Amino acid sequence: MTPEATPVRLADYKPSPFAIETAALDFNLHPEKTRVTTRLAMVPQETGVPLVLDGDELTLISVAIDGADLAADAFDATPEKLTIKAPPEKPFTLEIITEISPATNTKLMGLYQSSNTYCTQCEAEGFRRITYFLDRPDVLSVYTTRIEAPQDGFPVLLANGNLTDTGNIEGTDRHFAVWHDPFPKPSYLFALVAGDLGVVEDSFTTMSGREVALRLYCEHGNEPKCRYAMDALKRSMRWDETAYGREYDLDIFMIVAVSDFNMGAMENKGLNVFNDKYILADPETATDTDYAGIETVIAHEYFHNWTGDRITCRDWFQLCLKEGLTVFRDQEFSSDVRSRGVKRIADVRTLLARQFPEDAGPLAHPVRPEVYNEINNFYTATVYDKGAEVVRMLKTLLGDKGFRAGMDLYFERHDGQAVTIEDFLAAFADATGRDLTQFKLWYSQAGTPEVEARGDYDADSQTFTLTLKQSCPPTPGQDTKAPMHIPVRFGLVGPNGGDLSFSAVTGGTIDADVIQLTEPEQTMVFEGVSVAPVPSLLRGFSAPVKLKSDISDDDLLFLVRTDADAFNRWQAAQRLAVKTLIAETAAIRSGAASTIDTALIDALGTVAEDDALEPAFRAQVLQLPSEADIGREIGNDVDPDAIAAARKRFTAMAADRIGDALMAVSRRMRDDGPYSPDAAPAGRRALANTCLALAAANGNTEVVAEAVAQAHDAANMTDRLAALAILTLNAFEERFAALEAFHVKFRDNALVLDKWLMLEATVPADTTLERVKSLLEHHDFAAGNPNRIRALVGSFAGANQTQFNRIDGEGYRFLADFVLDLDKRNPQTAARLLVTFRSWKSLESGRRGLAEEALKRIAAADPLSPDVSDIVTRTLA
């Protein structure tokens with residue numbers, strides 16, 4: 001029976017009545033009968049209260065206090081909880097022995113086996129699947145871990161911290177290792193790995209001269225594919241020293257790549273565990289995007305050593321304190337080592353695609369939620385991506401020096417602590433003297449604020465009047481919103497493309513080039529403006545808001561050609577494209593004539609050919625808003641088929657009009673030299689392939705033939721996959737042979753198989769759903785592997801707008817069936833697939849009714865996991 005959800009509320013937080021000073025764990029590994037002996041140095045913080053420890057599917061063998069077994073009536077034990085009724089009122093040692101079955105742990109939480117390797121995933125509440133514990137982030141303990149296993153098959157035994165002892169167990173084929181982590185940490189950062197693994201070794205000298213051993217473990221034979229990850233790790237370590245003064249603290253830093261993992265990676269102290277897709281790369285099997293993803297995730301998990309490990313969150317409501325902050329830090333790292341403007345565009349694309357729909361739907365929640373039913377469901381785009389934007393705004397408000405001063409004070413004050421958003425903001429307020437009371441609303445108010453802008457120029461007085469008005473729509477549980485503190489970076493662009501100066505401004509606060517929007521409506525008058533400007537607002541996407549302005553199409557085209565801010569130049573092109581495609585969608589639905597204006601197409605052609613612009617930026621401008629982007633902007637009564645038809649009509653017209661120029665650029669960008677994943681060559685490949693894709697949109701036989709040849713002959717996976725995507729996303733007949741050849745060539749590489757499954761799942765053809773169903777039975781599809789599931793089912797539901805949203809509802813029924821089945825084995829992955837229904841209420845009535853029917857069928861199933869039950873309940877609310 002589905003358990004009734006018990007809401008957890010921020011307002012109910014209370015400190016733990018017990019502390020655990022040290023935790024000594026002894027693992028005797030066995031596939032079905034791993035025995036875990038846990039010795040805890042308990043320190044009561046209150047007296048006269050029972051000790052209640054968390055568990056999850058545990059088998060209790062024994063429990064003792066200070067060496068004496070407890071009587072049966074002194075405790076209550078279930079697989080989910082251990083209660084010591086009357087614990088001592090002074091410090092005591094609690095010993096617990098549990099038995100668990102890693103081999104049958106399909107939830108991939110706690111201790112489980114992946115390809116015969118034992119590994120752990122404890123965030124958020126997985127440690128309780130290992131032993132009974134105060135499994136909450138504000139209980140910090142010093143851990144010592146002993147691991148015992150057969151030498152044959154498990155020569156590598158790893159845990160957090162520094163290695164202190166190893167040896168063979170006399171008279172057996174078993175051996176042991178002991179690891180000690182001197183830094184107190186919460187249980188969610190515990191890690192253990194045991195297996196037969198290859199290793200890549202290196203070292204890093206810290207800024208104080210300490211030598212740190214670096215080890216990256218993987219399956220044997222994959223060692224050469226780990227070199228880029230190791231290089232990214234060393235660059236991340238140096239960057240954190242330079243940018244934040246943060247030095248690594250242990251003698252060794254380890255990463256282990258595993259194939260079965262619910263998440264991308266996990267920042268366990270000193271022993272990161274990674275999904276192998278974010279470690280393994282070579283030019284033949286990994287794309288430029290894969291390399292950039294490896295660089296980002298390596299940096300993100302390493303940066304957690306200070307923003308997450310050394311300073312952690314008091315409770316799970318503060319999750320954004322480690323995740324949003326660390327996403328911001330990894331974005332800044334990538335911006336420094338790559339192109340800052342292009343990286344900003346890519347990050348905002350992700351925000352718009354993932355977080356804006358979340359804010360606009362039934363799953364909307366604040367960056368710091370106030371209540372949750374299942375914490376696993378709050379590892380969301382709002383917490384991560386919007387959380388990063390909030391930190392970015394803080395830096396914009398305080399400036400580089402003020403932000404660094406606040407971070408330094410935060411590290412100084414709170415090292416070794418579990419803290420809150422209030423603690424974080426107080427460090428910045430105290431370091432700079434700024435009042436951040438209104439800014440704090442970004443953490444408590446859900447929804448995407450909307451900013452309306454109106455401008456008027458008076459030639460006689462040489463003044464430009466700018467009115468900004470902010471609002472925020474209702475979201476679940478929050479009908480009314482207070483005005484936010486929104487930093488609006490701006491420029492007044494003159495006829496020659498340069499920013500105009502002004503002599504004074506009245507009606508608002510402006511710091512350098514940032515307008516401080518704090519009121520519901522503000523009108524500012526800029527004096528001494530010599531000519532009529534075109535306002536360039538929200539430069540660099542200085543706040544995660546929706547901007548509506550009275551700017552004309554001609555002025556947008558002007559900004560596409562001239563804006564000094566790379567982001568706003570891209571954004572102007574996107575706004576024009578969205579406006580054009582929305583109008584064309586309406587025309588298709590009504591049967592009216594096409595409304596497409598060739599001016600935008602010509603502007604795109606001009607950008608494509610402008611060698612003064614970096615290739616990666618040109619590629620971003622040429623990438624039109626996706627079908628999901630257009631649906632999000634339409635907002636209601638969405639018809640995915642009409643959107644797809646409008647987008648197809650536009651791209652075909654662009655291919656007709658500027659196809660030859662695009663092909664010339666594509667060929668000019670080609671490079672036959674050795675492959676490098678660095679920013680410059682990756683940018684050239686991005687432009688070459690984007691031009692090829694747009695030129696192929698009208699089905700030109702010569703261009704399609706070139707794509708077919710590239711799919712077959714490409715010297716690297718970036719070019720090969722780009723060509724295959726051209727064939728699949730246009731549903732060209734040539735895709736069948738190309739996909740078959742691709743599968744045959746790479747069938748022994750699991751990560752490339754994911755690419756093949758993704759390509760198959762995203763073909764916008766009526767036959768795709770049946771193809772997806774057949775691939776679920778394919779011998780190369782591993783039903784227990786989250787990567788395979790995400791590649792096939794996740795890509796179909798999340799990236800194939802026309803086929804998931806089929807007018808007959810079969811796409812919804814398929815996903816409902818799959819989620820219900822998967823929920824029995826891996827609730828986390830099932831719940832994350834279910835999130836693809838988040839925008840169902842914005843669909844036209846027919847599809848909306850069919851989606852609701854599928855969701856209600858899931859909701860009525862019994863039993864459901866707490867993960868899936870929570871998502872479906874909130875989605876239907």
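Heads up: the structure comes first, above all this text.
Model, not experiment: these values are computed from the prediction.

Calculation notes
- Residues numbered from 1 in each chain as written.
- Predicted model: local features only at pLDDT ≥ 70, side-chain atom pairs only at ≥ 80, totals over all residues.
- Heavy atoms only, no water.
- Helix = DSSP H or I, 4+ residues; strand = E, 2+ residues; numbered from the N terminus.
- Rg over C-alpha atoms; globule rule 2.2 N^0.38 Å.
- Buried < 20%, exposed > 50% of the residue type's maximum accessible area, 1.4 Å probe, protein only.
- Contact = heavy atoms within 4.5 Å.
- Areas by Shrake-Rupley, 256 points an atom, 1.4 Å probe, with all protein chains shown as cover.
- Lys, Arg positive; Asp, Glu negative; His and termini not counted.
- Charge placed at Lys NZ, Arg CZ, Asp CG, Glu CD.
- Axes fitted to C-alpha atoms, helices over the stretch in contact; angles between N-to-C directions.
- Left-handed = near helix turned anticlockwise from the far one by under 90°.
- Nonpolar A, V, L, I, M, F, W, Y, C, P; charged D, E, K, R; others polar.
- Phe/Tyr/Trp six-rings, centres within 6.5 Å; stacked < 30°, edge-to-face > 60°.
- 1 Å grid on protein atoms, 1.4 Å probe; cavity = no way out; pocket = protein on both sides within 12 Å on 5 of 7 lines; lining within 4 Å.
- Points joined across faces, edges and corners; volume = space filled by probe spheres on them.
- Expected span 1.5 Å × (residues − 1).
- Pairing = 2+ DSSP bridges.

Draft legend 1. Quick look at the overall build of the protein chain. Along its length, the protein chain carries 25 helices and 33 strands. Taking 2.2 N^0.38 as the reference for a compact globule, 877 residues should give roughly 29 Å; the C-alpha atoms of the protein chain span a radius of gyration of 28 Å, in line with that estimate. Structurally, the protein chain occupies a C-alpha span of about 90 × 65 × 60 Å along its principal axes. Burial statistics for the protein chain: of 877 residues in total, 58% are counted as buried. For the protein chain, long-range pairs separated by at least 24 residues make up 71% of all intrachain contacts whose partners lie at least 6 apart in sequence. Entry remark: accessible area of the protein chain is about 32,900 Å², with carbon and sulfur atoms responsible for 50%. Distance between charge centroids for the protein chain: 1 Å, based on 88 positive and 130 negative side chains.

Draft legend 2. Fine view of unusual backbone geometry. Of the consecutive residues glutamate 123 and alanine 124, the connecting peptide bond is found in the cis state with omega at 5 degrees. Along the polypeptide, alanine 124 turns up in the loop between strand E11 (117-121) and strand E12 (141-150). In this structure, the amide linkage connecting aspartate 862 to the following residue, proline 863, adopts the cis form with an omega of 5 degrees. Relative to the assigned elements, proline 863 resides in the loop between helix H24 (845-860) and helix H25 (866-876). A positive phi angle, near 50 degrees, is found at aspartate 66, a position not held by glycine.

Draft legend 3. Highlighting the packing of helix H16 (residues 717-729) against helix H17 (residues 735-746). Packing of H16 against H17 brings their axes to within 9 Å, and their N-to-C directions diverge by 145 degrees. Here H16 runs over H17; the crossing is left-handed. Within the contact between the two elements, H16 uses Met717, Arg720, Leu721, Leu724, Leu727 and Thr728 and H17 uses Arg735, Ala738, Leu739, Phe742, Lys745 and Phe746. In terms of residue class, the contact of H16 with H17 is built from eight nonpolar, one polar and three charged.

Draft legend 4. Quick peek at the packing of aromatic side chains. Taken as a whole, this structure holds 41 aromatic pairs when the rule is applied. Judged by centre distance (5.4 Å) and plane angle (70 degrees), the rings of phenylalanine 127 and phenylalanine 190 are edge-to-face. With a gap of 63 residues between them, phenylalanine 127 in the loop between E11 and E12 and phenylalanine 190 in the loop between strand E15 (174-185) and strand E16 (192-195) connect regions that are remote in the sequence. Of the residues examined, phenylalanine 127 reaches a relative accessible area of 0% and is grouped as buried. Of the residues examined, phenylalanine 190 reaches a relative accessible area of 0% and is grouped as buried. A centroid spacing of 6.4 Å and a plane angle of 40 degrees characterise the contact between phenylalanine 356 and phenylalanine 541, whose relative ring orientation is tilted.

Draft legend 5. Layout of empty space enclosed by the protein. All chains considered together, the criterion is met by one cavity of 30 Å³ or more. By volume, the largest cavity amounts to about 30 Å³. In terms of lining residues, the largest cavity is bounded by Thr307, Gly308, Ile311, Thr312, Cys313, Gln318, Leu321, Lys322, Tyr410 and Val419. The set of elements that each furnish at least two residues to the lining of the largest cavity consists of strand E22 (312-313) and helix H3 (319-337). In terms of residue class, the lining of the largest cavity is made up of five nonpolar, four polar and one charged.

Draft legend 6. Highlighting helix H9 (residues 566-590). An ideal rise of 1.5 Å per residue puts 36 Å on 25 residues; H9 measures up with 37 Å between its terminal C-alpha atoms. Immediately downstream of H9, the backbone of glycine 591 shows phi near 80 degrees, a positive value.

Draft legend 7. Quick peek at the sheet that holds strand E2 (residues 18-28). Pairing within the open sheet is mixed, and its eight strands lie in the order E6-E5-E9-E3-E2-E12-E15-E14. Of all the strands in the sheet, the pair left with one neighbour each is strand E6 (68-69) and strand E14 (162-168). Pairing geometry for E2 and E12, over seven bridges, is parallel. Along E12, the bridge assignment pairs alanine 24 with threonine 144.

Draft legend 8. H3, seen in detail. Over its 19 residues, H3 runs 27 Å from end to end, which matches the ideal 27 Å to within 8%, given 1.5 Å per residue. A large share of H3 lies buried, amounting to 17 of its 19 residues.

Draft legend 9. Representation of the environment of aspartate 780 in the model. Position of aspartate 780 among the secondary structure elements: in the loop between helix H19 (768-776) and helix H20 (786-799). For aspartate 780, a relative accessible area of 18% corresponds to the buried category. Spatially, the C-alpha atom of aspartate 780 lies 25 Å from that of threonine 836, the residues being 56 residues apart in sequence. Contact partners of aspartate 780, with chain neighbours within four places excluded, come to His743, Arg747, Leu753 and Arg788.

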